[in-house]
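Fold and contact review
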Amino acid sequence: MTSCGKQRYGTKRRYVGVATLKYLSLPLPPEAYISDKAERICNHPSVLMAPVEVQNPDEAKPTAKTKVATGLESIAPLISTVEETPEPITTTVEGSIPSWINGNFLRNGPGKFEFGNTHYNHWFDGMAMLHQFKIQNGQVTYKSRFLQSDTYKKNSERDRIMMSEFGTLAMPDPCKNFFQRFLSRFEIIEPTDNASVSFVKYKGDYYVSTETNFMHKVNPENLEMLEKVDWSKFIAVNGATAHPHYDPDGTAYNMGNSYGNKGALYNIIKVPPEKTEIKDTLQGAKVLCSIVPANKSHPSYYHSFGKAVLLGTSSLNSFPFAAFSSKAPLFLPFFLVPAMSENYVVFIEQPIKMDLLKIVTCKIRGKALNQGIYWDPKLETVFHLIDKRSGEVIPMKYHTKAISTFHQINAFEEDGFLMLDMCCSDSGQAISNYLIQNLRKSGEALDELYNTTDRTFPRRFVLPLNVTSDTPTNQNLNTRPSSKATCIKISANKVFCQHEDLHGDDLYEYGGLEFPQINYSQFNTRPYRYFYGCGFRHMVGDSLLKMDLNDKTLKVWQQKGFYPSEPVFVPSPDATDEDAGVILSVVLTPSQDKGTFLLVLDAKSFEELGRANVPVNMAYGFHETDELMGPNHVPVVRLRPEQG
């Protein structure tokens, strides 16, 4: 039953102007408005998400080296709503968990995929569930809570989807009359605060984040929300990614988007490590620099959302937006992928593009936000370098062929070069495959889905830092004898780069690698030897991998029917070796009820040390982090001394 609730009148609303509707000439079918059944409205063909547009279908085909999968197990139970466990429960430990691990292992991800008769369409849309594994003296307890975001509360109150998400458009209230439902199509989409992507840390405090302008400060001890924080209240950006980078002193760097009368901008954000007052959140944050997209009306896209603000009534690159209200919030996705070395922030502008006109009019057209996303293989990927200290954007631009990337491994400088390591795909259509209806397929349909989904592999790009007017053109500038990557100066401000693989042929057997992790506290922005990740012989990770860059060999943890999450490296006390420590990963299984466990591997040998069996079901999530106490893990909240 859909709860209509009390009708509210006199509420101030913002509408898309008639001029825009007339320009588009996109009438909606009457049945999309007049049905009194929420389920029928939500599932009307005009609102179902279509795949990301692939301009070259050949890009999505498996390569000759990739292994065709058959007989894949259904993972539908891993993409299903689960119950929260707000009070701590004990786990059963098998093997042993090192006694030096003490603290909280935190996890974020979707945990609810429907309200009443309305259902989300995309994996990214599910309501955020926060998980805590408290590890003390070799024992583990577990608890979880749904994030009490405004989005979650509104949806729960009405028992229907009230807020639009990445792949799901919130439909007009079926309890409204025809005229009210018609007018609601012209309201600007309100940005979600469903922070389901990751835990992040600013000034010693923990937040859960997505890519909108909203984050939530949370208490890692009880998982309760402490405060909703809006980036746009502190800095002239309309959101930030869920993957900041950190200097050793705690200074955080991130990427954010903004819109103004000159169009879209990519912004590098810097957040200081210290507080001036105990209640500080993002005070002192600043925009280090801004980068103009290659196409202001088709900027690059990210796998979550951002809110944009139109400042004044100027148009975005001559789009007919003059009828929008001044400072009306727009709900826009963005693909902002930062990497960081010791002296540079690297912004990666890739050809997964966003059609702003389609996105800002998605509600008029009855389409979800992701309908405005497309992959353009004709465009090159561009690496922009920004000096971390001065904020200067380096004039030299580094180009490569069209690639897509979600996660970077590491970046470091050595011998006049910047090495940029990341997980890459040669196509950009994978996001569309992660529809919930796709992930719940079985049999041959699931096999076909997997076999036409992009594989992601680790690659290194070598960017020469000392290119001058005297640098010769049309010859490889990479003088590193052990490297197969190339970088060739094409013109005064352009270097074209070709990658080298950071893997051997055996990685093809494991379906590539994603969710990469390193010994971040000791080797981020520095030369390193090892990284860890999930192998993908399924639509979600089905193995844990350790890559040795010295000889590109793999160590593997894998058990049939079990699906591990992102591995997190935790260094052991007083460690001197890069891989001295443990790997933590939450492992799920669709074939056993409440068969979840926290896995602990010896990071050096990759042998299992122990596991903590948790008698709950979990949905497959996105990212983990640790708040572990010990010689190498001391969370600190620092107050900056007052300046005299």
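Residues numbered from 1 in each chain as written. Predicted model: local features only at pLDDT ≥ 70, side-chain atom pairs only at ≥ 80, totals over all residues. Heavy atoms only, no water.

In the annotation of an unreviewed UniProt entry, the entry for the protein reads Carotenoid-cleaving dioxygenase, mitochondrial, and the organism field reads Gambusia affinis. Taken directly from UniProt, the Subcellular location (unreviewed entry) text for the protein runs: "Mitochondrion". What UniProt records for the protein under Sequence similarities (unreviewed entry) is the sentence "Belongs to the carotenoid oxygenase family." (UniProt positions renumbered as here; feature names shortened; annotations may be inferred.)

On to empty space enclosed by the protein. This structure, assessed with the given rule, holds six cavities of 30 Å³ or more. Put simply, the largest cavity is a space of about 520 Å³. Looking at the lining of the largest cavity, its residues break down into 18 nonpolar, 14 polar and three charged. (1 Å grid on protein atoms, 1.4 Å probe; cavity = no way out; pocket = protein on both sides within 12 Å on 5 of 7 lines; lining within 4 Å. Points joined across faces, edges and corners; volume = space filled by probe spheres on them. Nonpolar A, V, L, I, M, F, W, Y, C, P; charged D, E, K, R; others polar.)

Strand order in the open sheet made by the four strands is 31-32-33-34, with antiparallel pairing throughout. Two strands in the sheet have a free side with no partner beyond their single neighbour: strand 31 (513-517) and strand 34 (553-557). Pairs of neighbouring strands in the sheet enclose a mean axial angle of 30°, with direction left out of account. Here strand 31 pairs with strand 32 (residues 530-535) via three bridges, running antiparallel. Residue Leu513 lies in a different strand from strand 32, and its bridge partner there is Gly535. (Pairing = 2+ DSSP bridges. Helix = DSSP H or I, 4+ residues; strand = E, 2+ residues; numbered from the N terminus. Axes fitted to C-alpha atoms, helices over the stretch in contact; angles between N-to-C directions.)

Across the sheet, which stays open at both edges, the four strands sit in the order 25-26-27-30 with antiparallel pairing between neighbours. This sheet does not close on itself; its edge strands, each paired only once, are strand 25 (404-414) and strand 30 (500-501). In this sheet, strand 30 lies alongside strand 27 (residues 457-464) in antiparallel orientation, the contact comprising two bridges. Opposite Arg460, over in strand 30, you have Glu500 as the bridge partner.

Taken as a whole and assessed by the stated rule, the structure comprises 19 aromatic pairs. With 6.5 Å between their ring centres and 85° between their planes, Phe115 and Tyr120 make a pair best called edge-to-face. Each member of the pair, Phe115 as well as Tyr120, is classed as buried. Three or more aromatic residues joined by ring pairs form one cluster here, namely Trp123, Phe124, Phe166, Tyr434 and Tyr620. Directly above the ring of Phe115 sits Lys112, whose terminal nitrogen or CZ lies 4.9 Å from the centroid. The positively charged end of Lys228 is found above the aromatic ring belonging to Phe214, 4.1 Å away from the centroid. (Phe/Tyr/Trp six-rings, centres within 6.5 Å; stacked < 30°, edge-to-face > 60°. Buried < 20%, exposed > 50% of the residue type's maximum accessible area, 1.4 Å probe, protein only. Lys NZ or Arg CZ within 6 Å of the ring centre and 35° of its normal.)

Here we take up the environment of His538. By the element assignment, His538 lies in the loop between strand 32 and strand 33 (543-548). Among the residues examined, His538 registers a relative accessible area of 3% and is labelled buried. In this structure the C-alpha to C-alpha distance between His538 and Ser74, which are 464 residues apart in sequence, comes to 9.7 Å. With residues up to four places along the chain from it excluded, the contact list for His538 reads Leu72, Glu73, Ile75, Leu446, Tyr450 and Tyr563. (Contact = heavy atoms within 4.5 Å.)

Position of Asn194 among the secondary structure elements: in the loop between helix 5 (178-184) and strand 9 (198-202). A polar atom in the side chain of Asn194 sits 2.8 Å from the backbone nitrogen of Ala128. Beyond its immediate chain neighbours, meaning those up to four positions away, Asn194 contacts Asp125, Gly126, Met127, Ala128, Ser149, Thr151, Glu165 and Thr210. (Polar contact = N/O pair within 3.5 Å; in protein donor to acceptor, adjacent residues only side chain to side chain.)

Once that is clear, we can look at the confidence of the model for the protein. Caution applies to low-pLDDT regions: their predicted coordinates should not be interpreted in detail. Residues with a pLDDT of 70 or more make up 78% of the protein, whose mean pLDDT is 83. Overall, residues 1-60 carries pLDDT values under 50, and its contacts beyond four positions in sequence, including any with other chains, amount to 137 contacts. Considering only residues more than four positions removed or in separate chains, one finds that residues 303-335, a stretch of pLDDT under 50, has 134 contacts. (pLDDT = per-residue confidence, 0-100.)

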